[in-house]
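Each chain, written out:
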Amino acid sequence: MYSANFDYHRPATIDEAIALLSKHGDDAKLLAGGHSLIPAMKLRLARPRVVVDIARIASLGDIREVGGRIAIGALATHHALESSALVKAKCPLLAETAAVIGDVQVRNKGTIGGSLAHADPAADYPAAILALDAEIEVVGPKGRRTVHAGDFFVDLMQTVLGVDELITEIRVPATARAVAYMKTEQKASGFALAGVAVVAGADGIRIGVTGVAPKAYRAAAAEQALAGQTSPSVETIALAAARVADGVEPLSDIHASASFRVQLAQVNMRRALEKALTRA
Ligand code: FAD
């Protein structure tokens, strides 16, 4: 199906993009890789009257190291992240996560900023972003603000982004190699039925979960069960994994029932944690 008609703008700078968003409000949508927005427009689930294509704002694609953190431009593609020597060396969790998104075509076009803004409950990055305790840099007409990953996702496909704001950059800490992302994917698309990202550091074990609930979340009860443990036993890991979906209302749809998703999350959490600890 074709999308409804829309006006197309291609701003050259972030300021121009913000000005267009401010002018058109709810009628406008940013376009990055287009791998979520265009299908939604073709299905008429989204009908923006104005499309603001930011794909050619070159500065938004940079990946660089700044003061012990890796700063990733919102337009960095999944392929750029999976193949970046810097990301593989300093934040391997993101490279590992990017590498299992969709297929080659999706990874060549889709961007990290678009994925986070879209906030699909089955998207892969949110689990990693939460486990990494990342910062998301947002710009709007009132200036810049930094949003912590834990505050970014609000509900199913909802974030704290205003209609006139755009993500410019995602900052993640340079981490040791004690990280892992494991998911069980929906076979046709690759989206996560349940995906679990683990970061095991000196300050504790952080666990991000996607695919299970309306929004990605930190598995607080499972993290609590592992508190103070640097090398948890198999039994402790199993007990912690049993709590990976405590406090959330699991999704149920044609792809997986709620109880199956929880079971997959438990298995993936155990496997991800064991893998991360082995790497440590
Ligand atoms: P777009 O489609 O261009 O935009 C998506 C939304 O984000 C729009 O609302 C847009 O306005 C907004 N937006 C874009 N950039 C910004 C920004 N910088 N600031 C604020 N808002 C912004 N994803 C997974 O995680 N795992 C998968 O396995 C997976 N499989 C897929 C399989 C297929 C066949 C397809 C088509 C998609 C799949 N995806 C998967 C989704 C893919 O990763 C998308 O690329 C991603 O969700 C959106 O990124 P995008 O750059 O394409 O964003």
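Residues numbered from 1 in each chain as written. Predicted model: local features only at pLDDT ≥ 70, side-chain atom pairs only at ≥ 80, totals over all residues. Heavy atoms only, no water.

Can you explain the overall build of the protein? Please cite residues and give values.
A count of helical and extended segments in the protein gives 12 helices and 14 strands. Taking 2.2 N^0.38 as the reference for a compact globule, 280 residues should give roughly 19 Å; the C-alpha atoms of the protein span a radius of gyration of 19 Å, in line with that estimate. Each principal axis of the C-alpha distribution contributes one length, and for the protein these read about 60 × 45 × 35 Å. In the protein, the proportion of contacts linking residues at least 24 apart, taken out of those at least 6 apart, comes to 63%. When the accessible surface of the protein is totalled, it reaches about 13,000 Å², and 52% of it is carbon and sulfur. (Helix = DSSP H or I, 4+ residues; strand = E, 2+ residues; numbered from the N terminus. Rg over C-alpha atoms; globule rule 2.2 N^0.38 Å. Contact = heavy atoms within 4.5 Å. Areas by Shrake-Rupley, 256 points an atom, 1.4 Å probe, with all protein chains shown as cover.)

Tell me about the site of the ligand, residues and numbers included.
Taken together, the neighbourhood of the ligand is formed by 30 residues, with Leu 30, His 35, Leu 37, Thr 111 and Asp 124 sitting nearest. For the ligand, an oxygen atom lies 2.8 Å from a polar atom in the backbone of Ala 32. Within the backbone of Gly 33, a nitrogen or oxygen atom sits 2.8 Å from an oxygen atom of the ligand. Relative to its unbound accessible surface of 980 Å², the ligand loses 91% to contact with the protein. (Near = heavy atom within 4 Å. Polar contact = N/O pair within 3.5 Å; in protein donor to acceptor, adjacent residues only side chain to side chain.)

Quick rundown of the pairing of strand E5 (residues 69-73)? Include the residues and the values.
Sheet faces and side chains relate simply in a regular strand, where the side chains alternate between the two faces. Where burial is concerned, most of E5 is hidden: 4 out of the 5 residues are buried. Where strand E4 (residues 63-66) lies against E5, 4 bridges are found, and the strand directions are antiparallel. Residue pairing for E5: Ile 63 is matched across the bridge by Ile 72. Between E4 and the antiparallel strand that follows it, E5, lie 2 residues; Gly 67 among them carries a positive phi value of about 50 degrees. Sheet topology places E5 next to strand E10 (residues 166-173); 5 bridges connect them, and they run antiparallel. Bridge pairing in E10 links Ile 72 to Ile 170. (Buried < 20%, exposed > 50% of the residue type's maximum accessible area, 1.4 Å probe, protein only. Pairing = 2+ DSSP bridges.)

Tell me about the pattern of salt bridges, and name the residues and values.
One pass over the full model with this rule turns up 18 salt bridges. The shortest N-O distance in the salt bridge between Lys 187 and Glu 185 comes to 3.3 Å. Accessibility expressed as a relative area gives 27% for Glu 185, which makes it partly exposed. Salt-bridge contacts for Asp 246 lead to Arg 243; the nearest nitrogen and oxygen are separated by 2.9 Å. Overlapping salt bridges, with partners in common, bring together Arg 64, Arg 69, Glu 135, Glu 137, Arg 144, Glu 169 and Arg 171 in one network. (Salt bridge = Lys/Arg side-chain N within 4 Å of Asp/Glu carboxyl O.)

Now, about the side chain of His 78: what can you tell me, with residues and values included?
Residue position: His 78 is located in helix H3 (residues 78-83). With a relative accessible area of 5%, His 78 lands in the buried category. Of the polar contacts made by the side chain of His 78, one reaches the side chain of Tyr 125; its length is 3.0 Å. In this view, His 78 contacts Ala 98, Ile 101, Val 106, Arg 107, Gly 110, Thr 111, Ile 112, Ser 115 and Tyr 125; residues no more than four positions away in its chain are not counted.

Can you explain helix H11 (residues 234-241)? Please cite residues and give values.
Buried within H11 are the following residues: Thr 236, Ile 237, Ala 240 and Ala 241. Burial along H11 is one-sided: seen end-on, the buried residues are contained in an arc of 135 degrees. Facing away from the buried side of H11 by more than 90 degrees, the exposed set consists of Val 234, Glu 235 and Leu 239. Residues of H11 that are buried make contact with helix H10 (220-225) and helix H12 (258-279). (Arc of directions from axis to C-beta.)

Let's hear about the domain arrangement of the protein: which residues, and what values?
Domain boundaries in the protein define domain 1 (7-53), domain 2 (58-173) and domain 3 (179-279). The straight-line distance from the C-alpha centre of domain 1 to that of domain 2 is 19 Å. Facing the 12 residues of domain 1 at the interface are 17 residues of domain 2. Note on domain 1 versus domain 2: buried area summed over both sides is about 1,100 Å², and carbon and sulfur give 75% of it. Our count for the domain 1 to domain 2 interface comes out at 0 residue pairs in polar contact (both at pLDDT 80 or more). For the side of domain 1 that touches domain 2, the class distribution of residues is 6 nonpolar, 5 polar and 1 charged. (Domains from an automatic or database assignment. Buried area = accessible area lost by both parts, 1.4 Å probe. Nonpolar A, V, L, I, M, F, W, Y, C, P; charged D, E, K, R; others polar.)

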